[in-house]
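# Results of the structural survey
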Amino acid sequence: MKYFCTLFATLIIAFSACFAQETAYYTQAVSLLHQGNTDSLKVHMQAWEQAEPNNAEIYALWLNYYYMTAGKEMVKFQEEEPLETSLAIVDSTGNTVGYMVSTVVYNEETLQKGYDKIDEGIALYPNRLDFYFGKTRVIVTCSDNYPACISEFEKVFTRQKENKGKWEWTFNQALGNGSDSLIINNTQSYITAMIDAGENSYASQLIDLSLQAYPNNVYFLADKAALLYQSGDLKGALNAYLKIFKTAPNDYLVAYNIAYLYENMGDLKKARKYYKLATQSSEPDIVQSANQALEDIKKALAK
């Protein structure tokens, strides 16, 4: 992570000897983590905890430790051909009957120890945005527990109202104005993952939660419009797209979508208005589709 590397170098040069000792603990812990040496990491973490009992970085590294030790690689049989590397199992006639694939199974008790540690850290350092995001990443990676993931985002948005966006990252470094884009991009990645997994209900919950914090964000509004359209709620989808268009009047794909929805709702005159706007697009496919729709509407209105 570039942000981490730049910050780390600055801290080594600029900060006091006391902080240099703290950084040495951190550097050694990260090194052991990367090596996968969990036995030595645990001993080191315990020593660090004795020396710096409330150091913020300890909590993030404990989460990483428990995440690493919770996973156990296992081999399972499945009939469907997997996307990842696998071993095909054939019967006596040479026909493939299934596949042996490697998978990681996580121990929930071990994971909970990690969650408890990071929750302790959040209680002491509630503005450490990386604590919340680290926890959500482990939750989704290990269990696809989307309700728990949404709950963490709810905590982020609640805290954001309280701290007025004054978030921190590693070494309690202030994020400044970049925190909004970080939150939005991170949230959007989970929304996309939920939609890709077919979990539209959970995606919708996270979208609505996100729009409470960022009511005019075009990405969240577009997500909402797409899900409403898929569910058959054309009016709801239209309202979401119209809200986007107020913010981005030169987004001709949005104009096309508005026109398409009006057309499907039977309001051909309004559909014509927005299709005409869509013909100003620099995208040939949009222009071609809009012009064809305008021809169809012209014929329909002439009847």
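Criteria and thresholds
Residues numbered from 1 in each chain as written. Predicted model: local features only at pLDDT ≥ 70, side-chain atom pairs only at ≥ 80, totals over all residues. Heavy atoms only, no water. Helix = DSSP H or I, 4+ residues; strand = E, 2+ residues; numbered from the N terminus. Rg over C-alpha atoms; globule rule 2.2 N^0.38 Å. Contact = heavy atoms within 4.5 Å. Areas by Shrake-Rupley, 256 points an atom, 1.4 Å probe, with all protein chains shown as cover. Lys, Arg positive; Asp, Glu negative; His and termini not counted. Charge placed at Lys NZ, Arg CZ, Asp CG, Glu CD. Core = buried A, V, L, I, M, F, W, Y, C linked by side-chain atoms within 4.5 Å. Buried < 20%, exposed > 50% of the residue type's maximum accessible area, 1.4 Å probe, protein only. Phe/Tyr/Trp six-rings, centres within 6.5 Å; stacked < 30°, edge-to-face > 60°. Expected span 1.5 Å × (residues − 1). Polar contact = N/O pair within 3.5 Å; in protein donor to acceptor, adjacent residues only side chain to side chain. Salt bridge = Lys/Arg side-chain N within 4 Å of Asp/Glu carboxyl O.

## Topic: the overall build of the protein
Looking only at helices and strands, the protein has 14 helices and three strands in total. Here the C-alpha radius of gyration of the protein, 26 Å, is well above what a compact globule of 303 residues would show, namely 19 Å. Seen through its C-alpha atoms, the protein measures out along the principal axes to roughly 85 × 65 × 30 Å. Excluding contacts between residues fewer than 6 apart, the proportion of contacts in the protein whose partners are at least 24 apart in sequence is 53%. Surface exposure of the protein reaches about 17000 Å², of which carbon and sulfur atoms provide 51%. The positive charge centre, built from 26 side chains, and the negative charge centre, built from 35, are 12 Å apart in the protein.

## Here we look at the nonpolar core
Ranked by size, the top nonpolar core spans 65 residues in total, and within it Leu-129, Phe-153, Ile-183, Leu-206, Ile-258 and Tyr-275 carry the most contacts. Here the element with the most residues in this core is helix α6 (residues 129-143); it accounts for eight residues. Setting aside residues up to four positions removed in sequence, Phe-153 forms contacts with Phe-133, Thr-136, Asn-186, Thr-187, Tyr-190, Leu-206 and Leu-209. In this structure, Ala-29, Leu-32, Ile-58 and Tyr-66 belong to the second largest nonpolar core, which totals 15 residues.

## Here we look at the side chain of Gln-188
Note on placement: Gln-188 falls in helix α8 (residues 179-196). Excluding anything up to four places from it in sequence, Gln-188 contacts Tyr-219, Phe-220 and Asp-223.

## Quick word on unusual backbone geometry
Its identity as a non-glycine residue notwithstanding, Lys-164 has a phi of 55°, on the positive side. Considering the arrangement of structural elements, one finds Lys-164 in the loop between α7 (146-163) and α8. With phi around 60°, Asn-172 is a residue other than glycine that occupies positive phi space. Tracing the chain through its elements places Asn-172 in the loop between α7 and α8. Owing to a relative accessible area of 31%, Asn-172 belongs among the partly exposed residues under this scheme.

## Concerning the packing of aromatic side chains
Overall, the coordinates contain 17 aromatic pairs when judged by the stated rule. With a centroid separation of 5.8 Å and an interplanar angle of 15°, the aromatic rings of Tyr-67 and Tyr-106 are classed as stacked. You can see Tyr-67 sitting in helix α4 (residues 56-70) and its partner Tyr-106 sitting in strand β3 (residues 96-106), a full 39 residues away along the chain. Residue class for Tyr-106 comes out buried when judged on its relative accessible area of 18%. Grouping aromatic residues by their ring pairs yields a cluster made of Phe-133, Phe-153, Phe-157, Tyr-190, Tyr-214 and Phe-220.

## Brief notes about the environment of Gly-121
Summarising the element assignment, Gly-121 is placed in helix α5 (residues 108-124). The class of Gly-121 is buried, set by a relative accessible area of 0%. As for Gly-121 and Thr-27, which are separated by 94 residues in sequence, their C-alpha atoms are 19 Å apart. Apart from residues lying up to four places away in sequence, Gly-121 is in contact with Tyr-59 and Phe-131.

## Quick look at helix α10 (residues 218-230)
With 13 residues, α10 should reach 18 Å at 1.5 Å per residue; the first-to-last C-alpha distance of 18 Å fits that figure. Three or more residues of α10 are buried, namely Phe-220, Leu-221, Asp-223, Ala-225, Leu-227 and Leu-228. Where α10 is buried, its residues meet α8, α9 (200-213) and α11 (234-247). Two or three places before Tyr-219, at the opening of α10, Asn-217 has a side-chain oxygen 3.0 Å from that residue's backbone nitrogen. Phi turns positive, to about 95°, at Gly-232, one or two residues after α10.

## Considering the pattern of salt bridges
Side chains that carry opposite charge are capable of pairing whenever their charged atoms lie near each other. Counted according to the given criterion, the structure contains eight salt bridges. The closest approach of N and O atoms between Arg-128 and Glu-57, which form a salt bridge, is 2.8 Å. Note that Arg-128 is positioned in the loop between α5 and α6 and Glu-57 in helix α4, a separation of 71 residues in sequence. Arg-128 sits in the buried class, given a relative accessible area of 0%. We note a salt bridge from Asp-119 to Lys-135, for which the minimum N-O separation is 2.8 Å. Highlighted residues: Asp-119 in helix α5 and Lys-135 in helix α6, separated in sequence by 16 residues. Assessed through its relative accessible area of 29%, Asp-119 is described here as partly exposed. Taken together, the shared-partner salt bridges in this structure form one network comprising Asp-119, Lys-135, Glu-152 and Lys-155.

## Describing the environment of Tyr-275
Tracing the sequence through the fold places Tyr-275 in helix α13 (residues 268-278). The class for Tyr-275 is buried, based on a relative accessible area of 1%. Separated by 15 residues in the primary sequence, Tyr-275 and Ala-290 have C-alpha atoms spaced 5.2 Å apart. The contact partners of Tyr-275, leaving out residues within four places of it in the chain, are Tyr-256, Ala-259, Tyr-260, Glu-263, Ala-290, Ala-293, Leu-294 and Ile-297. Of note is the side chain of Tyr-275, whose polar atom sits 2.6 Å from the side chain of Glu-263.

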